[in-house]
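Chain by chain, the residues:
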Protein chains: 2
Amino acid sequence: MRIAIDAMGGDNAPDEVIAGAIEAVDSLAPDDRIILVGLEDVIHAQVPDKARYRDVISIVHAPENIGMDETPIESLRRKPKSSIAVAAKLVKRDQAEAVISAGNTGACVAAFQMRMRNLEGVNRPGIAVVFPTMHGPVTICDVGANIACKPINLYQYAIMARSYSKHVLGIESPRVGLLSIGQEDAKGNEVVKKTRELMRADKKINFVGNIEGREIFRGVCDVAVCDGFVGNVVLKLTEGVVDCLFSAIKHELMQEKLRLAMKFKPVMMRIYQKYDYNEYGGAPLLGVNGTAIICHGSSKSRTIKNAIMAAKKFHIARINDRVVEYLAAASVRTPDDQTSQ
Amino acid sequence: MRIAIDAMGGDNAPDEVIAGAIEAVDSLAPDDRIILVGLEDVIHAQVPDKARYRDVISIVHAPENIGMDETPIESLRRKPKSSIAVAAKLVKRDQAEAVISAGNTGACVAAFQMRMRNLEGVNRPGIAVVFPTMHGPVTICDVGANIACKPINLYQYAIMARSYSKHVLGIESPRVGLLSIGQEDAKGNEVVKKTRELMRADKKINFVGNIEGREIFRGVCDVAVCDGFVGNVVLKLTEGVVDCLFSAIKHELMQEKLRLAMKFKPVMMRIYQKYDYNEYGGAPLLGVNGTAIICHGSSKSRTIKNAIMAAKKFHIARINDRVVEYLAAASVRTPDDQTSQ
């Protein structure tokens, strides 16, 4: 397969992005190809041992770049030759099967959606993030693509994230939870209540009902569905709590004997590694016509390498075909006019 | 002041609730009174050394009880003599200045709001929870009273939580953040965008703009405002992440030498204590006409004691008078017809 990578996107681009692509080469299949998109001269200068990578890595020039803080839609309009837009266009034109970027998340969502279009039957794409927990990986969708969700969007996120959980993460029958503020059916806002009816009506979903925030980490579900506003808060809050707690432990240990602090360090490192979501290599944008992976802005080469592997898995598992087939055959039919809140 | 306590509310009622009231006695002022509300016989049997507490603690009989899982509105209608309803009624009838309950949160919100009514100028009450962080306490409002917030509600939560932060927690000029999904003004849903305009227009608020989930723990604000759905997810997610991380550390330490694990235990205990929100003794329901404190269902005697102290502080600081005065004088005027989304 051909994987287009936005070489200019992210806080550590292009160095770490290019390094990640290079690291991935040895794990690729013979017919896999990597296309680095961005300033040709800059990228060319950074690819080492060019003769060795000649057959695997190619460069597509993109003269413009969208900064991390630019307004997504507006910047895409102003910079049609940005690396994000050009990379997405490669998928649109059948010159690549996948696109990966660690750039401006909003611009990625907008570019991928505009260029690649939605999958047949999908109303709105959603970003899925995998949370590593003690009880296994939990896939949360959406974490920021769609902040004004209708019930049909949440239902489709369940279908797509479930397919990802099953065919990419290998969970046989993913349990799907709907993030709300109480387990009882009576709880939640109107969108949550209507979504629950859609989920219940689809007997193929292993639906465990409403789940509360704390339950994401308690092994009660493999997939958690929510709107992009709530999901984004969940994602960033989790980051914040973990950082805060690790800092507190460090601070507390510093008050102790230095020897104890030193002994505890490898334990903390192991935990960091075990629950490091970089292992999952970025977040797929589910529901677009192609494989699209969005990485954290702070991604290092390892994350980019893992994102390339994740893109391969996603493509090989035929997630998109499965979603289209599922939605076409779904017993839950929700024409647009029934889905307005 | 007179403090009505729902003796039957919570997972550990009435034992721990009554024990908490007893523990508080020595810290009360000479004219403070505690009124335990619930099954008279049961409470009477549990108050030790009755002669000693005769002047401080009295009992008001309430023959009914609302369970933790009952539907709030429906159960209040069916059980007008429940301990929650009777305790709230004492404040309504000027027989108490404050009410405290560790019972069904939804029923508490509904009962306090129905019996005590809203403060003049307040459209909807909100629950405020104090998060202890390394950078000091952060007050978050709302965490579950109002899941369909309008901009005016969020604006008023800012005013009320700010007053609480200043006059109860002693923060001189509380920095107020609006929880959203990006710091830029363009980010957030429609309610967030309109709320931001209201906040900006009020020059008396030390408004720091949008904050992201992770920033709650990074010392950028003293007050964080959000709707009750998001706030409840935040509250429970934080609980979940902390539990998960502590379990992971414990698990990891168990793989190590037992001696190291034992040495680390007191460090963890200290962190638990330092960041234990039970220290703040429950969450005030801001915006009702009286002092109302809602405690976690799992509250032990210490939390109840702290809630009594919090109720005293809240009352003495005249939070409600201050809020009414502030809103009456506020330059931001938002008649109801301007506040619909």
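Residues numbered from 1 in each chain as written. Chains lettered and ligands numbered in written order. Predicted model: local features only at pLDDT ≥ 70, side-chain atom pairs only at ≥ 80, totals over all residues.

Considering the overall build of chain A
Turning to step 1, where the next piece is worked out: When you go through chain A residue by residue, the secondary structure sums to 13 helices and 11 strands.
Turning to step 2, where the next piece is worked out: By the compact-globule yardstick of 20 Å for 341 residues, chain A fits well, its C-alpha radius of gyration being 21 Å.
Turning to step 3, where the next piece is worked out: Principal-axis analysis of the C-alpha atoms places the extent of chain A at approximately 60 × 60 × 40 Å.
Turning to step 4, where the next piece is worked out: Looking at chain A as a whole, 51% of its 341 residues qualify as buried.
Turning to step 5, where the next piece is worked out: Long-range contacts, defined here as pairs at least 24 residues apart, represent 73% of the contacts in chain A between residues at least 6 apart. (Helix = DSSP H or I, 4+ residues; strand = E, 2+ residues; numbered from the N terminus. Rg over C-alpha atoms; globule rule 2.2 N^0.38 Å. Buried ≥ 20, exposed ≤ 12 C-beta atoms within 10 Å, placed from the backbone. Contact = placed C-beta atoms within 7 Å.)

Some thoughts on the domain arrangement of chain A
Residues and elements named next belong to chain A.
Turning to step 1, where the next piece is worked out: For chain A, the assigned domains read domain 1 (1-122 + 287-341) and domain 2 (126-280).
Turning to step 2, where the next piece is worked out: Residue-level contacts link 24 residues of domain 1 with 23 residues of domain 2.
Turning to step 3, where the next piece is worked out: Residue assignment for the side of domain 1 that touches domain 2 shows that the elements contributing at least two residues are α6 (105-116), α11 (301-316) and α12 (319-329).
Turning to step 4, where the next piece is worked out: At six residues, α11 tops the list of elements feeding residues into the side of domain 1 that touches domain 2.
Turning to step 5, where the next piece is worked out: Of the residues that constitute the side of domain 1 that touches domain 2, the class distribution is 12 nonpolar, nine polar and three charged. (Domains from an automatic or database assignment. Nonpolar A, V, L, I, M, F, W, Y, C, P; charged D, E, K, R; others polar.)

Some words on the interface of chain B and chain A
Turning to step 1, where the next piece is worked out: Taken together, the contacts link 47 residues of chain B with 47 residues of chain A.
Turning to step 2, where the next piece is worked out: Among the secondary structure elements, those contributing two or more residues to the side of chain B that touches chain A are α9 (228-255) and α10 (258-274) of chain B.
Turning to step 3, where the next piece is worked out: For the side of chain B that touches chain A, the leading source of residues is α9(B), giving 20 residues.
Turning to step 4, where the next piece is worked out: In the side of chain B that touches chain A, the residues fall into 25 nonpolar, nine polar and 13 charged.

Overview of the environment of V109(A)
Turning to step 1, where the next piece is worked out: Its place among the elements puts V109(A) in helix α6.
Turning to step 2, where the next piece is worked out: Excluding residues within four positions of it along the chain, V109(A) makes contact with A145(A) and L285(A).

Re the confidence of the model for chain A
Caution is warranted with low-pLDDT regions, since their predicted coordinates should not be read in detail.
All names here are of chain A.
Turning to step 1, where the next piece is worked out: Looking at chain A, the pLDDT average stands at 92 and 97% of residues meet or exceed 70.
Turning to step 2, where the next piece is worked out: Throughout residues 336-341 the model reports pLDDT below 50, and contacts reaching past four residues in sequence, or to other chains, amount to eight contacts.
Turning to step 3, where the next piece is worked out: Among the scores for the predicted complex, ipTM is 0.89 and pTM is 0.91. (pLDDT = per-residue confidence, 0-100.)

Points about helix α8 (residues 190-201) of chain B
Residue and element names in this part refer to chain B.
Turning to step 1, where the next piece is worked out: Over its 12 residues, α8 extends 17 Å from the first C-alpha to the last, a length consistent with the 16 Å expected when each residue adds 1.5 Å.
Turning to step 2, where the next piece is worked out: All of the buried residues along α8 are V191, V192, K194, T195, R196, L198 and M199.
Turning to step 3, where the next piece is worked out: Against the buried residues of α8 lie α7 (151-167), β7 (175-179) and β8 (206-211). (Expected span 1.5 Å × (residues − 1).)

Digging into unusual backbone geometry
When glycine is set aside, most residues are seen to have a negative phi, and most peptide bonds are trans.
Turning to step 1, where the next piece is worked out: Going from A13(A) to P14(A), the amide bond is cis rather than trans, its omega being -5°.
Turning to step 2, where the next piece is worked out: Note the cis peptide between C141(B) and D142(B), where omega equals 5°.
Turning to step 3, where the next piece is worked out: Relative to the elements of secondary structure, D142(B) occurs in the loop between β6 (136-141) and α7.
Turning to step 4, where the next piece is worked out: Positive phi, close to 65°, is recorded for R117(B), a residue that is not glycine.
Turning to step 5, where the next piece is worked out: Structurally, R117(B) can be placed in the loop between α6 (105-116) and β5 (126-133).
Turning to step 6, where the next piece is worked out: For R117(B), a count of 14 C-beta atoms within 10 Å corresponds to the partly exposed category.

Observations regarding the relation of the copies chain B and chain A
Turning to step 1, where the next piece is worked out: Superposing chain B onto chain A requires a rotation of 180° together with a translation of 0.0 Å along the rotation axis, leaving an RMSD of 0.0 Å. Accordingly, the operation relating the two chain copies is best matched by a two-fold axis. Relative to the rotation axis, the closest C-alpha in chain B is found at V230(B), a distance of 3.0 Å. (Least-squares fit on C-alpha atoms with pLDDT ≥ 70 in both.)

Regarding the pairing of strand β7 (residues 175-179) of chain A
Residue and element names in this part refer to chain A.
Turning to step 1, where the next piece is worked out: For β7, the tally of buried residues reaches five of five residues, placing the bulk of the element in the interior.
Turning to step 2, where the next piece is worked out: Alternating positions in β7 separate into two faces, R175, G177 and L179 on one and V176 and L178 on the other, with burial throughout.
Turning to step 3, where the next piece is worked out: Of the strand pairs in this sheet, β7 and strand β8 (residues 206-211) are connected by five bridges, and their pairing is parallel. Residue pairing across strands places V176 opposite F207, the latter belonging to β8.
Turning to step 4, where the next piece is worked out: One ladder, built from three bridges, connects β7 with strand β9 (residues 223-225); its direction is parallel. Across the sheet, L178 pairs through a bridge with V225, a residue of β9. (Pairing = 2+ DSSP bridges.)

A short note on the sheet that holds strand β11 (residues 291-294) of chain A
Residues and elements named next belong to chain A.
Turning to step 1, where the next piece is worked out: Across the sheet, 11 strands lie side by side as β3-β2-β1-β4-β11-β10-β5-β6-β9-β7-β8; this open sheet has mixed pairing. Here the strands that pair on one side only, and so sit at the sheet edges, are β3 (57-61) and β8. Each neighbouring strand pair of the sheet contributes to a mean axis angle of 25°, computed without reference to strand direction.
Turning to step 2, where the next piece is worked out: Two strands pair when backbone bridges link them, and strand β10 (residues 283-286) and β11 are joined in this way by two bridges, in the antiparallel orientation. (Axes fitted to C-alpha atoms, helices over the stretch in contact; angles between N-to-C directions.)

Some remarks on the nonpolar core
Turning to step 1, where the next piece is worked out: Ranked by size, the top nonpolar core spans 220 residues in total, and within it I5(A), V225(A), I5(B) and V225(B) carry the most contacts.
Turning to step 2, where the next piece is worked out: If we ignore the near neighbours within four places in the chain, the residues touching I5(A) are V17(A), A21(A), I34(A), I35(A), L36(A), V37(A), A87(A) and I100(A). (Core = buried A, V, L, I, M, F, W, Y, C linked by C-beta atoms within 7 Å.)

With respect to the sheet that holds β5(B)
Residues and elements named next belong to chain B.
Turning to step 1, where the next piece is worked out: Overall, mixed pairing links the 11 strands, which are arranged β3-β2-β1-β4-β11-β10-β5-β6-β9-β7-β8 in an open sheet. For this open sheet the edge positions go to β3 (57-61) and β8, each flanked by a neighbour on one side alone. This sheet shows a mean twist of 25° between the axes of neighbouring strands, independent of strand direction.
Turning to step 2, where the next piece is worked out: Note: β6 against strand β9 (residues 223-225), three bridges, orientation parallel. Of the residues in β9, the one forming a bridge with C141 is V225.
Turning to step 3, where the next piece is worked out: Helix α1 (residues 15-25) contacts β1 (2-6), β2 (33-38) and β3 of the sheet and is inclined by roughly 170° relative to β2.
Turning to step 4, where the next piece is worked out: Set on the sheet, α8 makes contact with β7 and β8; between it and β7 the angle comes to about 165°.

Examining the environment of A307(B)
Turning to step 1, where the next piece is worked out: Here A307(B) lies in helix α11 (residues 301-316).
Turning to step 2, where the next piece is worked out: The residues touching A307(B), leaving out its near neighbours within four places in the chain, are I100(B), G281(B), G282(B), I293(B) and C295(B).

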